[in-house]
Amino acid sequence: MKDILEELEGRRTAARAGGGERRVQAQHAKGKLTARERIELLLDEGSFEEFDMFVAHRCTDFGMEKDRPAGDGVVTGWGTINGRQVYVFSQDFTVMGGSVSETHGAKICKIMDMAMQNGAPVIGINDSGGARIQEGVASLAAYGEVFQRNIEASGVVPQISLIMGPCAGGAVYSPAMTDFIFMVKDSSYMFVTGPDVVKTVTNEVVTAEELGGASTHTRKSSVADGAFENDVEALAEIRRLFDFLPLNNRQKAPVRPFFDDPARIESSLDTLVPDNPNQPYDMKELITKIADEGDFFEVQKDYAANIIIGFIRLEGQTVGVVANQPMVLAGCLDIDASRKAARFVRFCDAFEIPILTFVDVPGFLPGTGQEYGGVIKHGAKLLFAYGEATVPKVTVLTRKTYGGAYVVMASKHLKADFNYAWPTAEVAVMGAKGAVEILYRSELGEPEKIAARVKDYEDRFANPFVAAEKGFIDEVIMPHSTRRRVARAFAALRGKKAAMPWKKHDNIPL
Ligand code: HXC
């Protein structure tokens, strides 16, 4: 008996050693933690239960039968984050570069299947040289099996990807199908074809970092939802995000203890909107001032900053926030902002997270760049996403909301439940100057007349009351009481039940 216990301990020690001391040191020298160290930081202390520690590959080509490391380059299992269950896989770059073999893929599939069966999220830590070259098509098949599970799990359990090393070729498509992708600055990259192939095919000379580093994917491509300074920060922030999310699509997000009066008055909001309509203000100030304890987990903050998305809590309950940002492009909607917000709205709806929308939008960004880029289809994504969302929807107009953008931004017409406006709000087809220039074209040479027309238009339409008279605004509220009004609105909607007509699935304009 003693011998067998010792053998088990010996095997465990060997498996935990991964690719050995030299490779672990090389990993640390790159500023990266090992697969197991990452899991330790991600999960509650002592909560990790490992699966398949002794799984080894079955490849016999290229002398591979002589090198069969226990675990096969990926650590898998489940544990808890602040007491709630999560399934995890963490690729071990110290073992054959974390490359994906048939058995490596099967280990990932096993925990994904268990996550689905038990209704718990999956967090994947990616650090891999891609398909195990010695295994050929068996490796591609393994990826395919993972992809299919990503698709089936989408909208059923939250899936989060952390990119903490290389992630290249078709391997990128597994993270791409998960709900959130986070990267680590300077030590992770993602691309479909690497710099060498790019040079051969297009003659472009580009580094791995330029092509697919964290900065590229958080600022240019929007593939990644955020980037962190190092592994430790990334893992801590994922724990923070996890706390906002439900375990699956049949459960509500957790209610956290809160120490912030829901009726808290925030007098500074009464002067947030400047007197000059052309002067911007920071919409993030409003978000943090109404959130429980000012806690806001922002997603995609470096991309399409003219719209803000992220999670807050009100009375301890998760709320997804979408808000125009007047500080960037005057808060207009464009292709990037529409895509960014649409995906977020759909995530919230899929996981029963109520949506709070703050609106200050001059309209859609004009220009050939936008039209040729398909702003019609992309703008329609956000419209579609809001219209199909059946979760509680509360909207607050802070300032202007014009034209199509008014309808798109969670208006009453898209079945928003509570539509509030600040007294500074104005709902119109367009701004007064633009309207007058169209209506009184013949008077354009007479500045005084035009000024009087503009004033007249402003007096009539530059307020929330025309829309309120029609019932499109439920109530004009004081800015300082926004937190109380919004918190009460969501409280009133806790029992909301709404459904779309039966269909196999919709056909959102992709
Ligand atoms: C087998 C691999 C491997 C792979 C790395 N290794 N990638 N083994 N299959 N794909 C091994 C190396 O042999 C080495 O083993 C160890 O991992 C570390 O690799 P290094 O090259 O020493 O590390 P580094 O210098 O940091 O470079 C990392 C790297 C490079 C940039 C990822 O290893 C690389 O270019 N690898 C090949 C990448 C690739 O072409 N993959 C296939 C992509 S196609 P030792 O024993 O020396 O430690 C693909 C398709 C997926 O993935 C399709 C899905 C549908």
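Right, let's walk through the structure included here. Just so you know, these numbers come straight off a predicted model, no measurement behind them.

Conventions we followed
- Residues numbered from 1 in each chain as written.
- Predicted model: local features only at pLDDT ≥ 70, side-chain atom pairs only at ≥ 80, totals over all residues.
- Heavy atoms only, no water.
- Helix = DSSP H or I, 4+ residues; strand = E, 2+ residues; numbered from the N terminus.
- Rg over C-alpha atoms; globule rule 2.2 N^0.38 Å.
- Contact = heavy atoms within 4.5 Å.
- Lys, Arg positive; Asp, Glu negative; His and termini not counted.
- Charge placed at Lys NZ, Arg CZ, Asp CG, Glu CD.
- Pairing = 2+ DSSP bridges.
- Axes fitted to C-alpha atoms, helices over the stretch in contact; angles between N-to-C directions.
- Near = heavy atom within 4 Å.
- Polar contact = N/O pair within 3.5 Å; in protein donor to acceptor, adjacent residues only side chain to side chain.
- Areas by Shrake-Rupley, 256 points an atom, 1.4 Å probe, with all protein chains shown as cover.
- Core = buried A, V, L, I, M, F, W, Y, C linked by side-chain atoms within 4.5 Å.
- Buried < 20%, exposed > 50% of the residue type's maximum accessible area, 1.4 Å probe, protein only.
- Expected span 1.5 Å × (residues − 1).
- Arc of directions from axis to C-beta.
- Parallel < 35°, antiparallel > 145°, perpendicular 65-115°, else oblique.
- Left-handed = near helix turned anticlockwise from the far one by under 90°.
- Nonpolar A, V, L, I, M, F, W, Y, C, P; charged D, E, K, R; others polar.
- Salt bridge = Lys/Arg side-chain N within 4 Å of Asp/Glu carboxyl O.

**With respect to the overall build of the protein chain**
Check the secondary structure of the protein chain and you find 19 helices and 17 strands. A compact globule built from 510 residues would reach a C-alpha radius of gyration of about 24 Å, and the protein chain, at 26 Å, matches this within 12%. Projected onto its principal axes, the C-alpha coordinates of the protein chain cover approximately 95 × 55 × 45 Å. Contacts in the protein chain between residues far apart in sequence, at least 24 positions, make up 72% of those at least 6 positions apart. The protein chain carries 59 positive and 68 negative side-chain charges, and their two centres are separated by 4 Å.

**Things to note about the sheet that holds strand β1 (residues 49–51)**
Adjacent strands of a sheet form backbone hydrogen bonds with each other and so pair up, either parallel or antiparallel. Ordered by their spatial adjacency, seven strands build an open sheet running β1-β2-β3-β4-β5-β7-β9, and the pairing between neighbours is mixed. Of all strands in the sheet, those with a lone pairing partner are β1 and β9 (226–228), marking the two edges. Pairwise comparison of adjacent strand axes, ignoring direction, gives a mean angle of 20° for this sheet. Most of the contacts of helix α3 (residues 35–42) go to strand β3 (residues 84–91), to which it runs at about 160°, and overall it touches β1, β2 (74–81), β3 and β4 (122–126).

**Remarks on the site of the ligand**
Close contacts around the ligand come from 20 residues, with Arg23, Gly97, Gly129, Ala131 and Ile133 the closest. Separating an oxygen atom of the ligand from a backbone N or O atom of Gly97 is a distance of 2.9 Å. A total of 1000 Å² of accessible area belongs to the ligand in isolation, and the protein chains cover 54% of it. Within the residue set of the shell around the ligand, elements represented by two or more residues are α5 (137–153) and β6 (166–168).

**Things to note about the nonpolar core**
Among the nonpolar cores identified, the biggest contains 64 residues, and Phe311 and Val322 are the most heavily contacted of them. Take this core: its biggest share by element is seven residues, from helix α12 (residues 335–350). Among all residues touching Val322, those that are not within four sequence positions of it are Ile307, Ile308, Ile309, Ala341, Phe344, Val345, Ile355, Leu356, Thr357, Phe358, Tyr386 and Met409. Counting residues in each nonpolar core, the second largest holds 27 residues, with Ile290, Phe296, Val396 and Ala489 among its members.

**A few points about the environment of Glu237**
With respect to the helices and strands, Glu237 occurs in helix α10 (residues 231–244). Each C-alpha atom, one on Glu237 and one on Phe297, is 9.0 Å from the other, the two residues being 60 residues apart in sequence. Filtering out sequence-adjacent residues up to four positions away, Glu237 remains in contact with Phe228 and Phe297.

**Points about helix α17 (residues 447–461)**
If you check α17, its first and last C-alpha atoms are 21 Å apart, about what 15 residues at 1.5 Å a residue would give, namely 21 Å. Within α17, burial applies to Ile450, Val454 and Tyr457. Summarising the axial view, the buried residues of α17 lie within an arc of 65°, below the 170-degree limit, and thus occupy one face. Away from its buried face, by an angle of more than 90 degrees, α17 presents the exposed residues Glu448 and Arg460.

**Focus on the packing of α3 against α10**
Running from N to C, α3 and α10 cross one another at 40°; their axes reach a closest spacing of 9 Å. The orientation of α3 with respect to α10, classified from their angle, is oblique. The interaxial crossing formed by α3 with α10 has right-handed handedness. Residues Arg38, Leu41 and Leu42 of α3 form the contact with α10, whose own contacting residues are Asp231, Val232, Leu235, Ile238 and Arg239. Considered class by class, the residues forming the contact of α3 with α10 number five nonpolar, no polar and three charged.

**Some remarks on the pattern of salt bridges**
A side chain of one charge can pair with a side chain of the opposite charge when the charged atoms of the two come close. Under the definition given, this model contains 35 salt bridges. Linking Glu7 and Arg11 is a salt bridge whose minimum nitrogen-to-oxygen distance equals 2.9 Å. Placement of the pair is Glu7 and Arg11 together in helix α1 (residues 2–16), with a separation of four residues, close to one helical turn. Between Arg483 and Asp260 there is a salt bridge, with its nearest N and O atoms 3.8 Å apart. Taken together, the residues span a long stretch of sequence, with Arg483 in helix α19 (residues 482–492) and Asp260 in the loop between α10 and α11 (283–290) at a distance of 223 residues.

**What to know about the packing of α12 against helix α14 (residues 375–388)**
Packing of α12 against α14 leaves a shortest axis separation of 8 Å and a crossing angle of 25°. It follows from the interaxial angle that α12 and α14 lie roughly parallel. With respect to the hand of their crossing, α12 and α14 are arranged in left-handed fashion. Taking contact as the criterion, the partners of Ile335, Ser338, Arg339, Ala341, Ala342, Val345, Arg346 and Asp349 in α12 are, on α14, Val375, His378, Gly379, Lys381, Leu382, Ala385, Tyr386 and Glu388. Its residues placed into classes, the contact of α12 with α14 shows eight nonpolar, three polar and five charged.

**Concerning the environment of Phe351**
Relative to the helices and strands, Phe351 is located in the loop between α12 and β13 (355–361). Between the C-alpha atom of Phe351 and that of Val156, which follows or precedes it by 195 residues, the distance is 7.8 Å. For Phe351, the contacting residues outside a window of four places in its chain are Gly155, Val156, Val157, Pro158, Asp179, Pro246, Asn248, Asn249 and Gln251.

**What to know about the pairing of β4**
With five of its five residues buried, β4 lies for the most part within the structure. Burial along β4 is two-sided: Val122, Gly124 and Asn126 and Ile123 and Ile125, pointing in opposite directions, are all buried. Relative to β4, β3 is paired through four bridges, and the arrangement is parallel. Across the sheet, residue Ser90 finds its bridge partner in β4, namely Ile125.

**As for unusual backbone geometry**
In the Ramachandran plot, Ala330 falls in the positive-phi region, its phi being about 55° despite a non-glycine side chain. Within the secondary structure, Ala330 sits in the loop between β12 (317–324) and α12. For Ala330, a relative accessible area of 40% gives the class partly exposed. Positive phi values are uncommon outside glycine, yet Lys415 reaches one of about 65°. Its place among the elements puts Lys415 in the loop between α15 (403–408) and β15 (418–421). When its relative accessible area of 63% is taken as the criterion, Lys415 is described as exposed.

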